[in-house]
Amino acid sequence: MVPSRRRFLEAAGFAVAGSIGTAFVSASAESDPESEYEWPMARYDPAGTGYHPMASGPKDGVEVAWEHDATDWFRGTAPPIRRGETIYAAGNGLLALDSETGTRQFGSPGPYQSGLARARTSVYDTDTLAVTAPSGIFGVNSGGGIDLPVLNRSIGAERWAGPQSSGPGFFGPADPATPVAADGTIYTAVPGTNSIVALDPDDGRVRWRNTHHQDDKVSVSFNRPAVTDGLVFVTNWPWQVTAYDAETGAQRWQRELGEQTVLAPVATEMGVVVPTRNDVRLLDATSGERLWKRTHGGNITECVPAVADGTVYLPDQRESMHAFDLETGEELWTTPFDGPASPVVADGVVYAVRSGFSLVAIDAASGEQRFEYRPSQVPLSTPIVGDEVLYAANRNRVIALGEAT
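Below is a summary of the structure that appears in this document.

Conventions and cut-offs
Residues numbered from 1 in each chain as written. Predicted model: local features only at pLDDT ≥ 70, side-chain atom pairs only at ≥ 80, totals over all residues. Heavy atoms only, no water. Pairing = 2+ DSSP bridges. Helix = DSSP H or I, 4+ residues; strand = E, 2+ residues; numbered from the N terminus. Axes fitted to C-alpha atoms, helices over the stretch in contact; angles between N-to-C directions. Buried < 20%, exposed > 50% of the residue type's maximum accessible area, 1.4 Å probe, protein only. Patch = residues over 30% accessible without salt bridge, like charges linked within 9 Å, V, L, I, M, F, W, Y side chains within 5 Å. Areas by Shrake-Rupley, 256 points an atom, 1.4 Å probe, with all protein chains shown as cover. Salt bridge = Lys/Arg side-chain N within 4 Å of Asp/Glu carboxyl O. Lys, Arg positive; Asp, Glu negative; His and termini not counted. Charge placed at Lys NZ, Arg CZ, Asp CG, Glu CD. Contact = heavy atoms within 4.5 Å. Polar contact = N/O pair within 3.5 Å; in protein donor to acceptor, adjacent residues only side chain to side chain.

**With respect to the sheet that holds strand 12 (residues 180-182)**
Working step 1: Taken in spatial order, the 4 strands line up as 12-13-14-15 in an open sheet, and their pairing is antiparallel. The open sheet has two edge strands, strand 12 and strand 15 (206-211), and neither has a second partner. Across the sheet, the axes of successive neighbouring strands diverge by a mean angle of 15 degrees, strand direction being ignored.
Working step 2: Bridge count for strand 14 (residues 195-199) against strand 15 is 5 bridges, and the pairing is antiparallel. Paired with Ser-195 across the strands is Thr-211, a residue of strand 15.

In structure tokens:
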């Protein structure tokens, strides 16, 4: 995309200031080494499992360890991410906080609304954070740029604007898409269009783009992609599951499931887990052939499954949370749970936020509820898990939840 003159001048100014400001930019968020508690994107990994094998969260109850009441522009509903000792949250801008104390490192307003995906770059000292808004896709400086207090703005906070939406549709502004970063590439739907793209994290350049229903102005509603082993798995309304070559964008296979509502996929060692409104299926990753299908009797329109240690965890958005054996599809347990949720798993506990109103912790092996937490503000985002702490966006604040004393 051709930048405007204003953006060009800002970028040029940032380049001139680079020799002065590089140390500051790097120190603000990137000087800390990576830790075992990294959570680099929504759903934790490119495969979309929602499972952190090293992290551990509270098990018997929670209390607020810290809360950061953000500036008046922040409205966070997407889950945060973690890099080193920094928590990043998007919500009408980008906010960076110290994971230990909640102290603000930097913040800059912008159109950003989706979950974030951290991507390495080859031309910057700091990572690029991919984020989307109803207007399109953006690359943001994870170091925060250089603050100009007098002007109440930052230079270099936004690195690039990638493919943009064609504008509000019949039903209003497009929903933001959830980006994924894998092997030096950003993969995401373009909000308000029928396209899925692969972008260069350095400058937002399109490496490949695939468009469905090119003559149809109604969006095909792409879900978050799942990426693994050189393949990008994409589901969309209506009916379709498609596998693309991650490097070239060439279509490997496509299947129509006979269900209009198809939810976000999860890539696993056994195949691709694909939930629909009434069932969940495992498809062969190389061919798309169905390996098993289990009906859960629900009515899913928003839920995303988690996969951990050979088990699929999925709310049915009616009255239950289900656990299915990944290899066979056998139902292992159900437990009462109503409303939409996108669970995450760590250290034998499933964490799920019921309809944005309450956080529920469920024993991953038995389905027994361990605790429930109701925040003072709603909505509460899906949490991420660190060192016995959960982090979540909570309306106009970000909170850390530790084990209750």
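**Some remarks on the pairing of strand 21 (residues 272-275)**
Working step 1: Both faces of strand 21 are covered, namely the face carrying Val-272 and Val-274 and the face carrying Val-273 and Pro-275.
Working step 2: Relative to strand 21, strand 20 (residues 266-267) runs antiparallel, the two sharing 2 bridges. By the bridge assignment for strand 21, Val-266 is matched with Val-273.
Working step 3: Counted along the chain from strand 20 to the antiparallel partner strand 21, the turn is 4 residues long, and its residue Gly-271 has a positive phi close to 150 degrees.
Working step 4: Two elements, strand 21 and strand 22 (residues 279-283), share 4 bridges in a ladder whose sense is antiparallel. The partner of Val-272 across the bridge, within strand 22, is Leu-283.
Working step 5: Counted along the chain from strand 21 to the antiparallel partner strand 22, the turn is 3 residues long.

**Regarding the sheet that holds strand 18 (residues 240-245)**
Working step 1: As summarised here, the arrangement of the 4 strands in space is 16-17-18-19, forming an open sheet in which the pairing is antiparallel. Of all the strands in the sheet, the pair left with one neighbour each is strand 16 (226-228) and strand 19 (251-256). Averaged over all adjacent pairs, the angle separating strand axes in this sheet is 15 degrees, with direction ignored.
Working step 2: Note that strand 17 (residues 231-236) and strand 18 share 6 bridges and pair antiparallel. Paired with Leu-231 across the two strands is Asp-245, which belongs to strand 18.

**Here we look at the pairing of strand 5 (residues 104-109)**
Strand residues, when the strand is regular, have side chains that alternate between the two faces of the sheet.
Working step 1: Bridging between strand 4 (residues 93-98) and strand 5 involves 5 bridges; their strand directions are antiparallel. Looking at the pairing, Leu-95 lines up with Gly-107 of strand 5.
Working step 2: Counting the residues in the hairpin turn of strand 4 and strand 5 gives 5 residues, including Gly-102, whose phi is positive at 80 degrees.

**A short note on a negative patch on the surface**
Working step 1: Residues Glu-36, Glu-63, Glu-100, Asp-387, Glu-388 and Glu-403 make up a contiguous surface patch of negative charge.
Working step 2: Turning to its location among the elements, Glu-63 is positioned in strand 1 (residues 62-69).
Working step 3: Of the residues examined, Glu-63 reaches a relative accessible area of 34% and is grouped as partly exposed.

**Focus: unusual backbone geometry**
Working step 1: Cis peptide bonds are those with omega within 30 degrees of zero, and the linkage from Trp-237 to Pro-238 qualifies with -5 degrees.
Working step 2: Positioned with a positive phi, Asn-92 is a non-glycine residue whose angle comes to about 60 degrees.
Working step 3: On the secondary structure map, Asn-92 appears in the loop between strand 3 (86-90) and strand 4.
Working step 4: In this structure, Asp-183 takes a positive phi of about 50 degrees despite not being glycine.
Working step 5: Within the element layout of this structure, Asp-183 appears in the loop between strand 12 and strand 13 (185-189).
Working step 6: Residue Asp-183 is classed as exposed on the basis of its relative accessible area of 79%.

**Describing the environment of Asp-363**
Working step 1: Structurally, the position occupied by Asp-363 is in strand 30 (residues 358-363).
Working step 2: The sequence separation of Asp-363 and Tyr-351 amounts to 12 residues, and the corresponding C-alpha distance is 9.0 Å.
Working step 3: Excluding its chain neighbours within four sequence positions, the residues that come into contact with Asp-363 are Trp-333, Gly-348, Glu-368 and Arg-370.
Working step 4: A polar side-chain atom of Asp-363 sits 2.9 Å from the main-chain amide nitrogen of Ala-365.

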